[in-house]
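Each chain, written out:
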Amino acid sequence: MGKIRILSEEVANRIAAGEVVERPVSVVKELVENAIDAAADKIIVKIENGGKSLIQITDNGIGMAEDDALQSFERHATSKIRTVTDIFHISSLGFRGEALPSIAAVSKLTLITRFKEDELASKIEFDSGHLRDFSKTAGNPGTTISVKRLFANVPARKKFLKSAQVEYRHIANYLHYQSILYPAIQFIFISEGKEKLNYPQAKNRKTRMKAVFGEKFFRRDFLEVQAENPQIKLEGFISGLEEENEGFADFRYLYVNGRYIKDRIVFHSIRSAYDPFVKKLRIYQKGKIPPFVLFLELDPSKVDFNVHPAKLEIRFRDPGFVHGFVKNAINQKLLEYEDAKYHQIKDKLRAQNYQGAASQLERKIFTNRTDQRRFSDIKKEMNEIYQPDIFKEKERSTTQSDILLQQKKILLRPEEDVINPWQLHQSYIFVQTEDGLIVIDQHAAHERIIFEKILHRIHGAPPQTQKLLFPIVIDLPPYLSNSVPELIGENIKIFQKIGFSIKTFSGDSIVIEEIPIELEDWDGGEIFINIIKQLQLEFEETEDFRDSLAKSVACKAAIKAGRKMNKKEMLALINDLFACEVPYYCPHGRPLIIKMQLSDFEQKFKRNQ
């Protein structure tokens, strides 16, 4: 008897569900995008238990007639594709034709839909892929789909779901992405019976972005980008070069033809466009892309969206063309920005009646754009290169008394003179050893030190705090206010153990009276928002709140690459590092110290041949 078998429809649907439905947000994504394709201008998303117990999507779109409603649960059923050619010219969001049958295969699903010209709505119920009921009922034009007990019949998949809080965050983030893209649609998000988001219809994306990110978003140094040719169009907002924009480092939103995308080609083009500017000003850490919200549109035949189950990745048919277009558009905008700044600063600094001081950014741009060099600068550079006594012979031989005197001087010298650490690019600390040298990543090392200190406090060590002169009220941006107060409230004792004294003030504000002693650059509370952002990312990965909070505070409190340190500071960092339990890796597992043998240098210089 042959070994090859044809899979049953039930098994095939569950396999398809594994490709389409990864977690609750996958269900929300498929159903919300169907609602958008159905021309809805109001979409309500309700969930319970992070979507694991209930997901309900209600829209006021065109709805479906009875035959279409039944047909939509057949595999490969779609209204978007007719021929093979259509696959390469997709302009809608949903087109796989497997969303509804796949979701129905791993849940209890109820669909109520009414075509606007029909008097009654059609009601269809599925349980684990089996049709249980079809009937007529009263209903408004549009569609409501309820999904209960997700993966109840597939326990192997259910066990891989994260906590309700993590799954909730994925759904909330997705709705933020979509709300920016479709300002004409009202999005309402309800979790556990409480309204978390409500973005009314907006006249344009800029108005919607203010609702999502807060009024302060456009008070920052963001630049509007617009570039197009007959084949491609780019518009949106990019960060200027002000240092205060670093607080918005999590805003990296890219949309391609109406989809939120994470694409390495475009990300690399953005980074390449910024490189000449950020390297010169050293505002951003190496490898980071400054904040942006960009919308890219091109011919649907030039891009393939069907290369990733969640459609987060795409494939451009001509990636070089896209890369060059995006890079040039952003580079040109930044060049215009710097030119404008330069002339503004030039007039400002050279005005006879000007009494104020230039900002750090203004001084850097003006200095970098000034062609004439001062003699003192050249002399300083030459003195660092030219050492007049490097080849000078010793005037006399060294005696025993000279050696004793030298040893005495060494014993009396400060520790930093004996060890003599030095900094490379204000980011790495070099220390000579007997058989070579060690190189320490100053940010990663400080991160490890703070991380272990905070863990000790969480497990019983007394907190070390600094009391603020005046309690500070932090207004949370809308995209954080729906979840952060609850997150803090549920874990308030852990926050207290590490040094925070926090009081929730209202749904959108919190009051902080004390902070951990490590948070030197408090920056008016902006760093706390950055800690919360980082915490949400960490918590999604580990689900260990204590570990996640320790990593988040350590990451944001640690000294940054690009900060100049004196020898005493470097020595203190080295001593604290080697007092750690794990002095070789940062909290995220990256190496923070590298040892190089003297023999490695001898080999490079071919001295051992």
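Calculation notes
- Residues numbered from 1 in each chain as written.
- Predicted model: local features only at pLDDT ≥ 70, side-chain atom pairs only at ≥ 80, totals over all residues.
- Heavy atoms only, no water.
- Patch = residues over 30% accessible without salt bridge, like charges linked within 9 Å, V, L, I, M, F, W, Y side chains within 5 Å.
- Areas by Shrake-Rupley, 256 points an atom, 1.4 Å probe, with all protein chains shown as cover.
- Salt bridge = Lys/Arg side-chain N within 4 Å of Asp/Glu carboxyl O.
- Helix = DSSP H or I, 4+ residues; strand = E, 2+ residues; numbered from the N terminus.
- Buried < 20%, exposed > 50% of the residue type's maximum accessible area, 1.4 Å probe, protein only.
- Axes fitted to C-alpha atoms, helices over the stretch in contact; angles between N-to-C directions.
- Parallel < 35°, antiparallel > 145°, perpendicular 65-115°, else oblique.
- Left-handed = near helix turned anticlockwise from the far one by under 90°.
- Contact = heavy atoms within 4.5 Å.
- Nonpolar A, V, L, I, M, F, W, Y, C, P; charged D, E, K, R; others polar.
- pLDDT = per-residue confidence, 0-100.
- Expected span 1.5 Å × (residues − 1).
- Phe/Tyr/Trp six-rings, centres within 6.5 Å; stacked < 30°, edge-to-face > 60°.
- Lys NZ or Arg CZ within 6 Å of the ring centre and 35° of its normal.
- Pairing = 2+ DSSP bridges.

A word on a nonpolar patch on the surface. A contiguous nonpolar patch, built from F578, V582, Y584 and Y585 and spanning about 400 Å² of accessible area, is present on the exposed surface. Residue position: F578 is located in helix α21 (residues 567-578). Accessibility expressed as a relative area gives 42% for F578, which makes it partly exposed.

What follows covers the packing of helix α15 (residues 442-458) against helix α20 (residues 545-557). Any two packed helices are characterised by how steeply their axes cross, that is the angle between the axes, and by the distance between the axes. Two elements in contact, α15 and α20, have axes separated by 8 Å at closest approach and are oriented at 140 degrees. Here α15 is positioned oblique relative to α20, judged by the angle of their axes. Handedness of the crossing formed by α15 with α20: right-handed. Across the interface between the two elements, H443, H446, E447, I450, F451, I454, L455 and I458 of α15 pack against R546, D547, A550, K551, V553, A554, C555 and A557 of α20. Of the residues belonging to the contact of α15 with α20, the class tally is 10 nonpolar, two polar and four charged.

What follows covers the confidence of the model for the protein. The predicted coordinates should not be examined in detail at positions where pLDDT is low. For the protein, mean pLDDT is 80; residues scoring 70 or higher make up 75% of the total. Long-range and interchain partners of residues 384-395, a stretch whose pLDDT sits below 50, account for zero contacts in this model, where long-range means more than four residues apart. Below a pLDDT of 50 lies the segment residues 408-413, which in the model reaches two contacts outside its immediate sequence neighbourhood of four places, other chains included.

Between the first and last C-alpha of helix α2 (residues 24-37) there are 20 Å, a value that for 14 residues agrees with the 20 Å anticipated at 1.5 Å per step. Regarding α2, the residues found buried are P24, V25, S26, V27, V28, K29, E30, L31, V32, E33, A35 and I36. The positive-phi residue at the C-terminal boundary of α2 is A39, with phi of around 65 degrees.

What follows covers the packing of α15 against α21. Direction vectors running N to C along α15 and α21 enclose 50 degrees, while the axes themselves pass 9 Å from each other. One finds that α15 runs oblique with respect to α21. For the pair α15 and α21, the sense of crossing is left-handed. Here Q442, A445, H446, R448, I449 and K453 of α15 come into contact with α21, specifically with L573, D576 and L577. A breakdown of the residues in the contact of α15 with α21 according to their chemical character gives four nonpolar, two polar and three charged.

Right, let's talk about the packing of aromatic side chains for a bit. Applying the stated rule across the entire model yields 13 aromatic pairs. Pairing Y253 with Y260 gives two aromatic rings, centres 6.0 Å apart and planes at 85 degrees, and the pair type is edge-to-face. Since its relative accessible area comes to 9%, Y253 is described here as buried. Connected via pairs of aromatic rings, a cluster forms that spans Y177, F213, Y253, Y255, Y260 and F295. Over the ring of F295 we find R205; its NZ or CZ atom is 3.9 Å from the centre of that ring.

Here we take up the sheet that holds strand β18 (residues 436-441). Across the sheet, which stays open at both edges, the four strands sit in the order β16-β17-β18-β22 with antiparallel pairing between neighbours. Pairing within the sheet leaves two strands with one partner each, and these edge strands are β16 (422-424) and β22 (593-597). Between one strand and the next, the sheet's axes are offset by a mean angle of 30 degrees, whatever the strand orientation. Across five bridges, β18 lies against β22 in antiparallel orientation. Looking at β22, one finds that I438 is bridged to K595. Of the strands in this sheet, β16, β17 (428-433) and β18 are in contact with α15, which crosses β18 at around 70 degrees. This element, α21, spans β16, β17, β18 and β22 of the sheet and lies at about 75 degrees to β17.

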